[in-house]
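# Close look at the chain arrangement
One-letter residues, chain by chain:
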Amino acid sequence: MAAGECIIYPCYFNVAYSRAEGRRVPRSLGVKGPVLTDLERALKRSGIAYRVEDHHHPAHWTRREGRIIAEWTESKEILIRKIAQKLEVRK
């Protein structure tokens, strides 16, 4: 991974998960069952460059959700919050 990149997994935004299970945003900012396309849309809206990889979160290795590598030089928590604020709730 190059300097200025952050790894983002869908589980960071899943309201069904506890913090111990990998959720990294408050439940009020999370969504139900986030997938990579949700994160991609949020990053496009924010104008942040990224690439998708077929890797899994170490704690959820059976799910094969994938991950996103975002070009970002600030704090990872700032990026996670920015993505969470751009996520849309699917009906």
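Use the structure listed above.
Read on for an overview of the structure.

Cut-offs applied
- Residues numbered from 1 in each chain as written.
- Predicted model: local features only at pLDDT ≥ 70, side-chain atom pairs only at ≥ 80, totals over all residues.
- Heavy atoms only, no water.
- Buried < 20%, exposed > 50% of the residue type's maximum accessible area, 1.4 Å probe, protein only.
- Helix = DSSP H or I, 4+ residues; strand = E, 2+ residues; numbered from the N terminus.
- Contact = heavy atoms within 4.5 Å.
- Arc of directions from axis to C-beta.
- Polar contact = N/O pair within 3.5 Å; in protein donor to acceptor, adjacent residues only side chain to side chain.
- Salt bridge = Lys/Arg side-chain N within 4 Å of Asp/Glu carboxyl O.

## Quick look at helix H1 (residues 36-46)
Every buried residue of H1 is accounted for by Leu36, Asp38, Leu39, Glu40, Ala42, Leu43 and Ser46. Buried residues along H1 sit against strand E1 (5-8), strand E2 (50-53), strand E3 (67-71) and helix H2 (76-86). Just downstream of H1, Gly47 is the residue with a positive phi angle, here 75°.

## What about H2?
When H2 is considered as a whole, its buried residues turn out to be Leu79, Ile80, Ile83 and Ala84. When H2 is viewed along its axis, its buried side chains cluster within an angular range of 135° and face the same direction. Tucked into the core, H2 has its buried residues touching E1, H1 and E3. N-cap assignment for H2: the residue whose side-chain oxygen lies 3.1 Å from the backbone N of Glu77 is Ser75.

## Re the pattern of salt bridges
According to the stated counting rule, one finds five salt bridges in the structure shown. Residues Glu5 and Arg51 are paired through a salt bridge, measuring 2.8 Å at the closest nitrogen-oxygen approach. Taken together, the residues span a long stretch of sequence, with Glu5 in strand E1 and Arg51 in strand E2 at a distance of 46 residues. A salt bridge links Glu53 to Arg67; its shortest N-O distance comes to 2.7 Å. On the criterion of sequence distance, the pair formed by Glu53 in strand E2 and Arg67 in strand E3 is long-range, its members being 14 residues apart. Note on accessibility: Glu53 and Arg67 belong to one class, buried. Put simply, Glu5, Arg51, Glu53 and Arg67 are held in one network by salt bridges that share partners.

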